[in-house]
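Residue-level structure breakdown
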Amino acid sequence: MEPSPSADGTPPEGSTETLIFALERPLPALLTHYLIRCAPFLLFPPLGITLVLVHYFRYRTMRYRFDAEGISMRWGILFRRETILNYARIQDIHLVSGVIERWLGLARIQLQTASGSAAPEMTLEGLPEHDRVRDFLYSRMRGTKESGVRHSLAQAPAESDDDSDLGMVDED
C-alpha cells in the first residue's frame, strides 16, 4: 500500500506518482523530432525557416503540470495557449508513435473527452517513460470515475418489494 497524498494533493516522496507530478518539460529528443519533420520544407527557405522557428519556440515554451485534479499544458510566445483537463473528463487514452518517434524513444499520448470532436482534446508530446504516464492517467481516470459511481450508488434509494409501485394489481 502506497502512502496517501498530502493535504495539497501532491504525492509523498518515493511514490510512483512523484515522478509523474515532477514532469514539466518535454525531452530534448522532441526538438530533434520537430527538426526532422521540418527538413523537407527547407527546400522552400521562407516556409522551412518559419516552420523551424515555430517548432523551436513551441518546444522551448511547452510546459506540463500534473496535479491532484488534472493536467495543464501550456505553450507559445506571441499567442500563449493553455489547456487544462480534469482526470474525470478523460474518456480515452491513445499512445501513438511513428517510426521516427520510436527511433528517438518518443510517443504521443492523446487524451480524448466526450467533446463531440474526433480530434484529441490534448496531446502530450516528448514525455519520458510514456508507458508509465499512460498507466498513471488510466489509474487516475478510473479512480475518479469509480469513486463517482460508488458515490451515486450510495445515495440511491433502497428498492421496495411493494408491487403497487410497479402498477401491478392482484386480482384474486
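Scroll up a little and you will see the structure.
Notes on the structure in this doc start here. Treat the numbers as computed from the prediction; the structure is a model and nothing was measured. (Residues numbered from 1 in each chain as written. Predicted model: local features only at pLDDT ≥ 70, side-chain atom pairs only at ≥ 80, totals over all residues. Heavy atoms only, no water.)

1. Some thoughts on the overall build of the protein chain
Within the protein chain, the regular secondary structure consists of 5 helices and 6 strands. For the protein chain, the succession of helices and strands along the chain, N to C, is α-α-α-β-β-β-β-α-β-β-α. Counting the 172 residues in the protein chain, one finds 29% classified as buried. Within the protein chain, contacts between residues at least 6 apart in sequence are counted, and of these 49% link residues at least 24 apart. (Helix = DSSP H or I, 4+ residues; strand = E, 2+ residues; numbered from the N terminus. Buried < 20%, exposed > 50% of the residue type's maximum accessible area, 1.4 Å probe, protein only. Contact = heavy atoms within 4.5 Å.)

2. Details of the pattern of salt bridges
A full pass over the atoms with the stated rule returns 6 salt bridges. For Arg58, the salt bridge identified is with Glu125, shortest N-O distance 3.1 Å. Within this pair, whereas Arg58 is found in helix H3 (residues 45-61), its partner Glu125 is found in strand S6 (residues 122-125), the two being separated by 67 residues in sequence. By relative accessible area, which is 23% here, Arg58 ends up partly exposed. We classify Glu125 as buried; its relative accessible area is 7%. Across the pair Arg132 and Glu129 runs a salt bridge whose closest N-O atoms are separated by 2.8 Å. By relative accessible area, Arg132 is classed as partly exposed at 38%. Accessibility expressed as a relative area gives 43% for Glu129, which makes it partly exposed. One salt-bridge network, in which partners are shared between bridges, spans Asp131, Arg134 and Asp135. (Salt bridge = Lys/Arg side-chain N within 4 Å of Asp/Glu carboxyl O.)

3. Describing the sheet that holds strand S3 (residues 81-86)
Across the sheet, 3 strands lie side by side as S1-S2-S3; this open sheet has antiparallel pairing. Unpaired on one side and paired on the other, strand S1 (63-66) and S3 mark the two borders of the sheet. Neighbour to neighbour, the strand axes of the sheet diverge by 10 degrees on average, direction disregarded. By the bridge criterion, 6 bridges tie strand S2 (residues 70-75) to S3 in an arrangement that is antiparallel. Bridge assignment links Gly70 to a residue of S3, and that residue is Asn86. Together, S1 and S2 form the strand contacts of H3, whose direction differs from that of S2 by roughly 140 degrees. (Pairing = 2+ DSSP bridges. Axes fitted to C-alpha atoms, helices over the stretch in contact; angles between N-to-C directions.)

4. A short note on the nonpolar core
With 28 residues, the main nonpolar core has Phe66, Ile71, Leu111, Leu124 and Leu137 as its most contacted residues. Contributions of two or more residues to this core are made by helix H1 (16-22), helix H2 (29-38), S1, S2, strand S5 (108-112), S6 and helix H5 (130-154). Among all residues touching Leu124, those that are not within four sequence positions of it are Tyr64, Phe66, Ile71, Met73, Ala107, Arg108, Ile109, Leu111 and Leu137. (Core = buried A, V, L, I, M, F, W, Y, C linked by side-chain atoms within 4.5 Å.)

5. Observations regarding the layout of surface pockets
Within this model, the largest pocket holds a volume of roughly 340 Å³. Around the largest pocket, the lining residues are Leu53, Val54, His55, Phe57, Arg58, Trp75, Gly76, Ile77, Leu78, Phe79 and Arg81. When residues in the lining of the largest pocket are grouped by element, the largest group, 5 residues, is from H3. For the lining of the largest pocket, the per-class residue count stands at 7 nonpolar, 2 polar and 2 charged. (1 Å grid on protein atoms, 1.4 Å probe; cavity = no way out; pocket = protein on both sides within 12 Å on 5 of 7 lines; lining within 4 Å. Points joined across faces, edges and corners; volume = space filled by probe spheres on them. Nonpolar A, V, L, I, M, F, W, Y, C, P; charged D, E, K, R; others polar.)

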